[in-house]
Amino acid sequence: MKQSELAGKVVYQLYVKSFQDSNGDGIGDLPGIVSRLDYLAGLGVDYLWLTPIYPSPQRDNGYDVADYRAINPQYGTMQDFETLCAEAKKRGIGIMLDMVFNHTSTDHQWFQKAIAGDKTYQDYYIWRDGVPGTPPTNWESKFGGSAWQWEEHVGKYYLHLFDVTQADLNWENPAVRREVCDILHFWRGKGVDAFRFDVVNLISKPDVFEDDDRGDGRRFYTDGPRIHQYLKELHAQGFGDAVTVGEMSSTSLDNCVRYTNPDEGELSMVFSFHHLKTDYKNGDKWQLEPNRFGELKALLDKWQLGMQAGGGWNAVFWCNHDQPRPVSRFGDEGRYREVSAKMLATAIHMLRGTPYIYQGEELGMTNAHFTRLDQYRDVESTNRYHILKEQGVPEEEIFRILGARSRDNGRTPMQWTAGPNGGFTTGTPWLAVNENTAAINAAACLADPDSVLYYYKKLVALRKQYPVIQVGEYAPLMTGSPDVYAYTRTLGDETLVVVCNFCARPAAVTLPALPGSPERLIGSWDEQPYAPSMTLRPYEAAVYRFAARG
Ligand code: TEU
Ligand code: CA
């Protein structure tokens, strides 16, 4: 899809397991999604990204795929999937499938055949010699511990950048690349027209594996040596017309320009995460630190300007199923929950790029703040609990950290109603529903014209209405301000001024004196007239549009 066309689209991400349960087993499923399609169509979104729905032992909630061509029975049947595609299509919505090709589950038959001694399938994975107890390199798994696991049947170590049950695929092997292509064709045949590629910039490993004396090994395989070649190959195999988004872990701007500039023929757009690490201490997610707002702004500016200059294209987003809730993180989950949710939405939705809405974000859902280990489900969180415990971190502090950083904060079930389990299930939810569903839920939002939900709906509609939001030139404003993020978008004689106060106090702003009197397109508080010097209220966001008259 052309960038100019992509620019008008909005994607909604569903965490399938937590969206809507239809049969009372406490697990979200495909018929559940079908029953909520009218809600999603009402929001005006163009694509639904579904987190992995394939058979999987669920060690990493489906990112450990055991069979790429089937539906996990816990989510429904292939028939249910086809119904979902058809019903979505009727509403003008496409389906984006999540493709996890950096690794497979060790339950996948490829891996099973490999450990049974089949050399063909052994070559699907990455093995190194060694002796038990001494891994080939000091690389660390992203979920903690060594990235290598001894496999006694094979008598070698296999690489796993994530969980020990997620064995990395050997992309050097052309047979693996053919398998990937066949799988994509299979789903294309079912009517799927968009794909998200999980951690795709990690698939190309270095020729030599060596110890990392400066880190956890990521510098050797991130945006690895043949990554661009592999993506070009995929694109050339007939996926150029699909919408594709690559999840790029610890990537660089230069690489992202190459991944997404249409002349390169790689991907439609990318997720990068630098702007979601400004509250990490020394890059460590597990050390709490207040958000460094200046750094956040600088990163947003850098990526907007850099991708624009290079002809690249960003996915723009605050959260997903791996991130805490933005209102708890960058906004105010208390007194200013609704205005701060609207402000954050404004900051993202007026950017150059394709906005992503993660389920519940449009309701202003907050972190779960669980206080006991048995409430957590995520393997990353439970592993981390034990690591922190071993480091001697006090129990209370561990729960403070997980309460702010655990991926489960973003994975609690969708809050549909104020009723039992938020209307998500009639049974026992696989992960507890946030208690605040009594106050924060879709039904309440639908009944309130001033709700966060209707604000999102309006943002989506504005993008479709105004080409300046889609393709206007981005320029930063007020780069030195400690509380305000502001920018302009310009197309021909039309200019948007976007101002966002990220603080709980009023903030004075200095804005350009442009000719004419602007129209205010949207804002998180009551309207106030535009002035080159004005004061924004706490968490106030506003978008003003100047256009030449006549
Ligand atoms: O995530 C990739 C990733 O590196 C991170 O988002 C990671 O989960 C987190 O930062 C660790 O602190 C993708 C998926 O989105 C995630 O759900 C999977 O667990 C992961 O890949 C492995 O497939
Ligand atoms: Ca179910």
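Report on the accompanying structure. Everything numeric in this text was worked out from a predicted model, so none of it was measured. (Residues numbered from 1 in each chain as written. Chains lettered and ligands numbered in written order. Predicted model: local features only at pLDDT ≥ 70, side-chain atom pairs only at ≥ 80, totals over all residues. Heavy atoms only, no water.)

Points about the coordination of the calcium ion (ligand 2)
Part 1: The protein atoms that coordinate the calcium ion (ligand 2) are Asp21 (OD), Asn23 (OD1), Asp25 (OD), Ile27 (O) and Asp29 (OD), at distances spanning 2.2 to 2.4 Å.
Part 2: Along the chain, the residues that donate to the calcium ion (ligand 2) are spaced as D-x1-N-x1-D-x1-I-x1-D.
Part 3: What makes Asn23 exposed here is its relative accessible area of 52%. (Donors = N, O, S within 2.8 Å, 3.2 Å for Na, K, Ca; no water. Buried < 20%, exposed > 50% of the residue type's maximum accessible area, 1.4 Å probe, protein only.)

Things to note about the packing of helix H9 (residues 227-239) against helix H10 (residues 253-260)
Part 1: Packing of H9 against H10 brings their axes to within 10 Å, and their N-to-C directions diverge by 20°. Our classification of the angle between H9 and H10 gives roughly parallel. For the crossing formed where H9 meets H10, the hand is right-handed. Along the contact surface, H9 presents Ile227, His228 and Leu231, while H10 presents Asn255, Arg258 and Tyr259.
Part 2: Residue composition of the contact of H9 with H10, by class: three nonpolar, two polar and one charged. (Axes fitted to C-alpha atoms, helices over the stretch in contact; angles between N-to-C directions. Helix = DSSP H or I, 4+ residues; strand = E, 2+ residues; numbered from the N terminus. Parallel < 35°, antiparallel > 145°, perpendicular 65-115°, else oblique. Left-handed = near helix turned anticlockwise from the far one by under 90°. Contact = heavy atoms within 4.5 Å. Nonpolar A, V, L, I, M, F, W, Y, C, P; charged D, E, K, R; others polar.)

A short note on the site of ligand 1
Part 1: The environment of ligand 1 is formed by 17 residues, the closest being Asp60, Asp198, Asp322, Glu380 and Arg407.
Part 2: Within the contact set of ligand 1, an oxygen atom lies 3.0 Å away from a side-chain nitrogen or oxygen of Lys285.
Part 3: Residue Asp322 places a side-chain N or O atom 2.5 Å away from an oxygen atom belonging to ligand 1.
Part 4: In isolation ligand 1 offers 490 Å² of accessible surface; the protein chains occlude 90% of this area.
Part 5: Among the residues making up the shell around ligand 1, the classes are represented as four nonpolar, four polar and nine charged. (Near = heavy atom within 4 Å. Polar contact = N/O pair within 3.5 Å; in protein donor to acceptor, adjacent residues only side chain to side chain. Areas by Shrake-Rupley, 256 points an atom, 1.4 Å probe, with all protein chains shown as cover.)

Describing the pattern of salt bridges
Part 1: All chains considered together, the criterion is met by 39 salt bridges.
Part 2: For Arg91, the salt bridge goes to Asp38, with nearest N and O atoms at 2.7 Å. Placement of Arg91 in the loop between helix H4 (78-90) and strand E3 (94-99) and of Asp38 in helix H3 (residues 37-43) is noted, with a sequence separation of 53 residues between them.
Part 3: Accessibility expressed as a relative area gives 28% for Arg91, which makes it partly exposed.
Part 4: In this structure, the salt-bridge partner of Glu494 is Arg545, at a minimum N-O distance of 2.8 Å. Of the two residues, Glu494 is situated in strand E18 (residues 494-501) and Arg545 in strand E22 (residues 541-547); the sequence distance between them amounts to 51 residues. Neither Glu494 nor Arg545 differs from the other in exposure class; each is buried.
Part 5: Through salt bridges with shared partners, a single network forms among Asp60, Lys285, Asp322, Asp378, Glu380, Arg407 and Arg411. (Salt bridge = Lys/Arg side-chain N within 4 Å of Asp/Glu carboxyl O.)

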